[in-house]
Amino acid sequence: MASNVSDLKREADQRNKKTRRIYNPLTDDFIVKYSGKKYTLPALDWGEFVLYLADHIEKHLIDKIINKRGVPTDTNREAYTEKLKQEVRI
């Protein structure tokens, strides 16, 4: 429970942060670092992250999926990335 106005404001700011759910379609856990902290997205499961962190995780997860699926370098990677965004965002 908040004990002063500053604590109330901080709690309100935390509640109002926008988040995004990211799904890990891989059969192994996905681990990524952000600002020196490790974040784990379990295999075939989802996690919810604030937007700046979700964007970072999404980018690296998509890169891993592309590499794991062996997408040829001559493939339109931008279009494939957009397709994968639809797969990992829930």
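This text follows the structure it describes.
Residues numbered from 1 in each chain as written. Predicted model: local features only at pLDDT ≥ 70, side-chain atom pairs only at ≥ 80, totals over all residues. Heavy atoms only, no water.

**Student:** What is the right way to read the overall build of the chain from this model?
**Tutor:** The number of helices and strands found in the chain is 3 helices and 4 strands. Secondary structure elements in the chain, listed N-terminal to C-terminal, are α-β-β-β-β-α-α. Of all 90 residues assigned to the chain, the portion counted as buried reaches 27%. (Helix = DSSP H or I, 4+ residues; strand = E, 2+ residues; numbered from the N terminus. Buried < 20%, exposed > 50% of the residue type's maximum accessible area, 1.4 Å probe, protein only.)

**Student:** When you look at the packing of helix H2 (residues 51-69) against helix H3 (residues 77-88) in this model, what are you seeing that I'm missing?
**Tutor:** Helix-helix packing is characterised by the crossing angle of the two axes and by the distance between the axes. Contact pair H2 / H3: the axes reach a minimum separation of 10 Å and the direction vectors enclose 115 degrees. Taken together, the axes of H2 and H3 are roughly perpendicular relative to one another. For the crossing formed where H2 meets H3, the hand is right-handed. Every residue of H3 that contacts H2 at Glu58, Leu61, Ile62, Ile65, Ile66, Asn67 and Arg69 is listed here: Arg77, Tyr80, Thr81, Leu84, Lys85, Glu87 and Val88. When the residues that make up the contact of H2 with H3 are grouped by side-chain class, the tally is 7 nonpolar, 2 polar and 5 charged. (Axes fitted to C-alpha atoms, helices over the stretch in contact; angles between N-to-C directions. Parallel < 35°, antiparallel > 145°, perpendicular 65-115°, else oblique. Left-handed = near helix turned anticlockwise from the far one by under 90°. Contact = heavy atoms within 4.5 Å. Nonpolar A, V, L, I, M, F, W, Y, C, P; charged D, E, K, R; others polar.)

**Student:** Whenever I open this one, the environment of Ile66 confuses me. Can you help?
**Tutor:** Topologically, Ile66 is positioned in helix H2. As a C-alpha pair, Ile66 and Arg77 span 11 residues in sequence and 8.6 Å in three-dimensional space. Discounting residues that sit within four places of it in the chain, Ile66 has contacts with Val71, Arg77, Tyr80, Thr81 and Leu84.

**Student:** I tried to follow the packing of aromatic side chains on my own but got confused; where do I start?
**Tutor:** Centre distance and the angle of the planes are the two values used to describe a pair of aromatic rings. On inspection of all chains with the given rule, the structure shows 2 aromatic pairs. Ring plane angle 45 degrees and centroid distance 5.7 Å describe the contact between Tyr34 and Tyr52, whose orientation is recorded as tilted. Here Tyr34 is found in strand E2 (residues 30-34), whereas its partner Tyr52 is found in helix H2, with 18 residues between them in sequence. Aromatic pair Tyr39 and Phe49: ring centres 6.5 Å apart, planes at 85 degrees, arrangement edge-to-face. Linking Tyr39 in strand E3 (residues 37-41) with Phe49 in strand E4 (residues 46-50), this pair joins segments that are 10 residues apart in sequence. (Phe/Tyr/Trp six-rings, centres within 6.5 Å; stacked < 30°, edge-to-face > 60°.)

**Student:** What's the story with the pattern of salt bridges in this structure? I'm lost.
**Tutor:** Between side chains of opposite charge, a pair can form as their charged atoms come close. Under the defined criterion, the tally for this structure stands at 8 salt bridges. The partner of Asp28 in a salt bridge is Lys64, with the nearest N and O atoms 3.6 Å apart. Taken together, the residues span a long stretch of sequence, with Asp28 in the loop between strand E1 (19-23) and E2 and Lys64 in helix H2 at a distance of 36 residues. For Glu87, the salt bridge is made with Arg69, and the minimal N-O distance between the two is 2.9 Å. Taken as a pair, Glu87 in helix H3 and Arg69 in helix H2 lie far apart in primary sequence, 18 residues in all. Using a relative accessible area of 41% as the deciding quantity, one classes Arg69 as partly exposed. One connected set of salt bridges, linked through shared partners, spans Asp28, Lys64 and Lys68. (Salt bridge = Lys/Arg side-chain N within 4 Å of Asp/Glu carboxyl O.)

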